[in-house]
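# Breakdown of the fold
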Amino acid sequence: MNTTLLSSPLQGFTDFRFRNAFHKYFGGIDTFYSPYIKLNGKLVVKGSYERDILPENNSTLQVIPQIITNDAEEFLFVAKYVKQMGYNELNWNLGCPYPMVAKSGMGSGLICNTERIREILDRAHSETDIIVSMKMRMGYENPSEILDVFPILEQFPIKNIAIHARIGKQLYKGGVDLDSFQRCLDVSKHKLYYNGDITSVEAFRSLQERFPSIDHFMIGRGLIADPFLPSMIKNNTTEYPENRFEIFEEFHETIYREYDAYLQGPTPIKMKMLGFWEYFSESFSNPQKTLKKIKKAGNSKHYEEAVKEIFKSEK
Ligand SMILES: Cc1cc2nc3c(=O)[nH]c(=O)nc-3n(C[C@H](O)[C@H](O)[C@H](O)COP(=O)(O)O)c2cc1C
């Protein structure tokens, strides 16, 4: 069976700069979901969201835009907006766990509101010709919430439902709940994608063995912590290329230069790269020591020296 690998969106990480560099240096990802578009009470898409999905910024990539909303007007507006840009599909986020989002009835906080889900899907399908796909957790309070949503979803030609096998309340803590994911597979008539904690080739293989009917897997954090993971999964190998850290270093250089040119002032670039290194460090022999070196670098000169040293020690 052919496996399709999708990059799970990570707000603040997997924007078009990251996606393009990732695709160039590592590959292995078939389709990238862009981090969600969120409107702020007005029917206007912010410039940063627009830049992220502009076709010219994604010319060699397969990208699916995503929205987070609990409002039908917003959904219709963004559906028409992305359609105009040339996209046929809009992914709907019912997974975000952050209390501010969930408490306002969005993301995983919308899963329990079946009536609102029905209304939005109804209008999306009667007033636009966008293809809708979903990305969900299994609930906010408990993993049975999703079971009440499936009968609503069945009334619509949803392309697929990607399920992060956790509940909102968990945030990112605890493990994935594979028994509840199995129950979703037993009950749903839609095509399901698996998402959650694919952090190694071994973890992927064991999920593939447990869910043989799944042929679409989404990888989020694992792909930043180990950018070779998707291509190793695709090539069915646990072996890294010999020049692993040379490739990694060139990739780092590319995104660092691009973010440095785009972000104003020393603090934003420092915070941006530190965010990446919280994941990247896991690829190195001593993750804690690696991260400490990055944290200690007070200015860009020291940062660049620290990075050089980190890569040198692995070669
Ligand atoms: C910092 C961060 C930002 C995220 N942003 C998004 C987002 O914009 N849209 C979305 O659907 N999920 C988002 N997620 C969730 C991930 O896409 C993914 O579903 C989750 O991390 C589980 O998969 P993983 O274990 O492979 O990372 C985010 C997660 C993190 C940690």
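Residues numbered from 1 in each chain as written. Predicted model: local features only at pLDDT ≥ 70, side-chain atom pairs only at ≥ 80, totals over all residues. Heavy atoms only, no water.

Going by an unreviewed UniProt entry, the protein carries the name tRNA-dihydrouridine synthase and comes from Flavobacterium enshiense DK69. UniProt's Function (unreviewed entry) comment on the protein is quoted here verbatim: "Catalyzes the synthesis of 5,6-dihydrouridine (D), a modified base found in the D-loop of most tRNAs, via the reduction of the C5-C6 double bond in target uridines." The record held by UniProt for the protein lists under Cofactor (unreviewed entry) the comment "FMN". (UniProt positions renumbered as here; feature names shortened; annotations may be inferred.)

## As for empty space enclosed by the protein
For the coordinates displayed, the defined rule picks out 1 cavity of 30 Å³ or more. Roughly 30 Å³ of volume is contained in the largest cavity. The wall of the largest cavity is formed by Lys270, Met273, Leu274, Ile294, Ala297 and Tyr303. Counting residues per element, the lining of the largest cavity draws most heavily on helix 12 (residues 266-280), at 3 residues. (1 Å grid on protein atoms, 1.4 Å probe; cavity = no way out; pocket = protein on both sides within 12 Å on 5 of 7 lines; lining within 4 Å. Points joined across faces, edges and corners; volume = space filled by probe spheres on them. Helix = DSSP H or I, 4+ residues; strand = E, 2+ residues; numbered from the N terminus.)

## Observations concerning the domain arrangement of the protein
Per the domain assignment, the segments making up the protein are domain 1 (4-234) and domain 2 (244-312). Placing the centre of domain 1 and that of domain 2 at their C-alpha centroids yields a distance of 28 Å. Taken together, the contact between domain 1 and domain 2 spans 16 residues of the former and 17 residues of the latter. There are 0 salt bridges connecting domain 1 and domain 2. Among the secondary structure elements, those contributing two or more residues to the side of domain 1 that touches domain 2 are helix 1 (16-25) and helix 9 (221-225). Considering each element in turn, the side of domain 1 that touches domain 2 owes the most residues, 5 residues, to helix 1. (Domains from an automatic or database assignment. Contact = heavy atoms within 4.5 Å. Salt bridge = Lys/Arg side-chain N within 4 Å of Asp/Glu carboxyl O.)

## Digging into the layout of surface pockets
Of the voids in this model, the largest pocket is the one considered here, and its volume is about 790 Å³. Taken together, 38 residues line the largest pocket, and the ones lying closest to its centre are Pro9, Leu10, Tyr172, Gly220 and Arg221. Elements with a minimum of two residues in the lining of the largest pocket: helix 8 (201-210), strand 9 (216-219) and helix 9. No other element matches helix 9, which puts 3 residues into the lining of the largest pocket. The residue makeup of the lining of the largest pocket, split by class, is 17 nonpolar, 14 polar and 7 charged. Residues from two domains meet in the lining of the largest pocket; each of domain 1 (4-234) and domain 2 (244-312) gives at least three. Considered as a void within the structure, the second largest pocket measures approximately 310 Å³ in volume. Taken together, 20 residues line the second largest pocket, and the ones lying closest to its centre are Gln11, Asp15, Ser48, Asp52 and Tyr262. The set of elements that each furnish at least two residues to the lining of the second largest pocket consists of helix 1, helix 2 (47-53) and helix 11 (244-262). If you tally residues by element for the lining of the second largest pocket, the top one is helix 2, at 5 residues. Considering only residue class, the lining of the second largest pocket consists of 10 nonpolar, 4 polar and 6 charged. (Nonpolar A, V, L, I, M, F, W, Y, C, P; charged D, E, K, R; others polar.)

## Looking at the packing of aromatic side chains
This structure, assessed with the given rule, holds 33 aromatic pairs. Ring centres 5.2 Å apart and planes at 45 degrees place the aromatic pair Phe245 and Phe284 in the tilted group. Of the two residues, Phe245 is situated in helix 11 and Phe284 in the loop between helix 12 and helix 13 (287-296); the sequence distance between them amounts to 39 residues. Look at Phe245 and you get buried, because its relative accessible area is 9%. (Phe/Tyr/Trp six-rings, centres within 6.5 Å; stacked < 30°, edge-to-face > 60°. Buried < 20%, exposed > 50% of the residue type's maximum accessible area, 1.4 Å probe, protein only.)

## Digging into the site of the ligand
Close to the ligand lie 19 residues; Ser8, Pro9, Asn195, Asp197 and Arg221 are nearest. A distance of 3.2 Å separates an oxygen atom of the ligand from a polar atom in the backbone of Tyr36. Taking 620 Å² as the accessible area of the ligand by itself, protein coverage stands at 91%. With respect to the detected pockets, the ligand is housed in the largest pocket. Here the shell around the ligand is built from residues that sort into 8 nonpolar, 8 polar and 3 charged. (Near = heavy atom within 4 Å. Polar contact = N/O pair within 3.5 Å; in protein donor to acceptor, adjacent residues only side chain to side chain. Areas by Shrake-Rupley, 256 points an atom, 1.4 Å probe, with all protein chains shown as cover. Sits in = over half its atoms within 2 Å of the grid points.)

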